[in-house]
Amino acid sequence: MINEIKAIVQNYLNNAKLCNVMTGVVENGGIRISEKIVIPIELIKGNLMDYTSTGDKVRLIRNHGGKEFYIIEIIDKNFLIKGSTVTLSREGNLYEYKVEDVVK
């Protein structure tokens with residue numbers, strides 16, 4: 001009897017889909033996570049949404065039940081932050097600039 005209860009609980013936890021990490025691509029109106037599924041923009045939370053653009057690949061966390069999604073990473077996108085150094089090349093010369101102010 002106890003083994004059956006353990007099996008039921010284990011099956012429930014395996015199928016409950018508590019929290020899940022997934023990847024997707026930003027599109028107009030949402031994030032595509034598969035050929036058939038696009039998460040509507042209304043379900044996306046987090047401040048990284050302000051920095052995404054169409055075509056960006058993102059990593060998401062889906063909460064229990066799939067009613068909210070949080071962007072935790074924009075994959076392969078470089079950001080400029082205060083204090084970082086940017087190196088630019090022009091006509092064979094390298095120029096280094098320190099980022100002092102960042103305007104959104």
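These remarks concern the structure in this document. This one's a predicted model, so the numbers in the text were calculated from it and none came from an experiment.

**Some details on the pairing of strand S7 (residues 85-90)**
Now for step 1: Across the six residues that make up S7, only a small minority, zero, are buried.
Now for step 2: Counted between consecutive antiparallel strands, the loop separating S7 from strand S8 (residues 93-98) contains two residues, among which Glu 91 sits at a positive phi close to 50°.

**Observations regarding the sheet that holds strand S4 (residues 44-45)**
Now for step 1: One open sheet accounts for six strands, arranged S3-S2-S1-S5-S6-S4; its pairing is mixed. Strand pairing shows two members of the sheet lacking a second neighbour, strand S3 (38-40) and S4, which therefore form its edges.
Now for step 2: Sheet analysis places strand S2 (residues 30-32) next to S3, joined by three bridges and oriented antiparallel. Looking at S3, one finds that Gly 30 is bridged to Pro 40.

**Let's talk about the environment of Glu 68**
Now for step 1: Position of Glu 68 among the secondary structure elements: in the loop between strand S5 (57-62) and strand S6 (69-75).
Now for step 2: When its relative accessible area of 27% is taken as the criterion, Glu 68 is described as partly exposed.
Now for step 3: Separated by 66 residues in the primary sequence, Glu 68 and Ile 2 have C-alpha atoms spaced 36 Å apart.
Now for step 4: The residues touching Glu 68, leaving out its near neighbours within four places in the chain, are Leu 43, Lys 45, Ile 61, Arg 62 and Asn 63.
Now for step 5: Separated by 3.1 Å, the side chains of Glu 68 and Tyr 70 make a polar contact.

**Overview of the pattern of salt bridges**
Now for step 1: For the coordinates displayed, the defined rule picks out three salt bridges.
Now for step 2: A salt bridge links Arg 32 to Glu 27; the nearest nitrogen and oxygen atoms lie 2.7 Å apart.
Now for step 3: Close ionic contact of Glu 73 with Arg 59 constitutes a salt bridge, the shortest N to O distance being 2.8 Å. Taken together, the residues span a long stretch of sequence, with Glu 73 in strand S6 and Arg 59 in strand S5 at a distance of 14 residues.
Now for step 4: Glu 73 sits in the partly exposed class, given a relative accessible area of 32%.

**A short note on the nonpolar core**
Across soluble globular proteins, nonpolar side chains show a tendency to be buried alongside one another.
Now for step 1: Met 22, Val 26, Ile 31, Ile 39, Ile 44, Met 49, Val 58, Leu 60, Phe 69, Ile 71 and Ile 74 form the largest nonpolar core, which has eleven residues in total.
Now for step 2: Filtering out sequence-adjacent residues up to four positions away, Ile 74 remains in contact with Leu 48, Tyr 51, Thr 52, Asp 56, Lys 57, Val 58 and Phe 79.

About the cut-offs
Residues numbered from 1 in each chain as written. Predicted model: local features only at pLDDT ≥ 70, side-chain atom pairs only at ≥ 80, totals over all residues. Heavy atoms only, no water. Buried < 20%, exposed > 50% of the residue type's maximum accessible area, 1.4 Å probe, protein only. Helix = DSSP H or I, 4+ residues; strand = E, 2+ residues; numbered from the N terminus. Pairing = 2+ DSSP bridges. Contact = heavy atoms within 4.5 Å. Polar contact = N/O pair within 3.5 Å; in protein donor to acceptor, adjacent residues only side chain to side chain. Salt bridge = Lys/Arg side-chain N within 4 Å of Asp/Glu carboxyl O. Core = buried A, V, L, I, M, F, W, Y, C linked by side-chain atoms within 4.5 Å.

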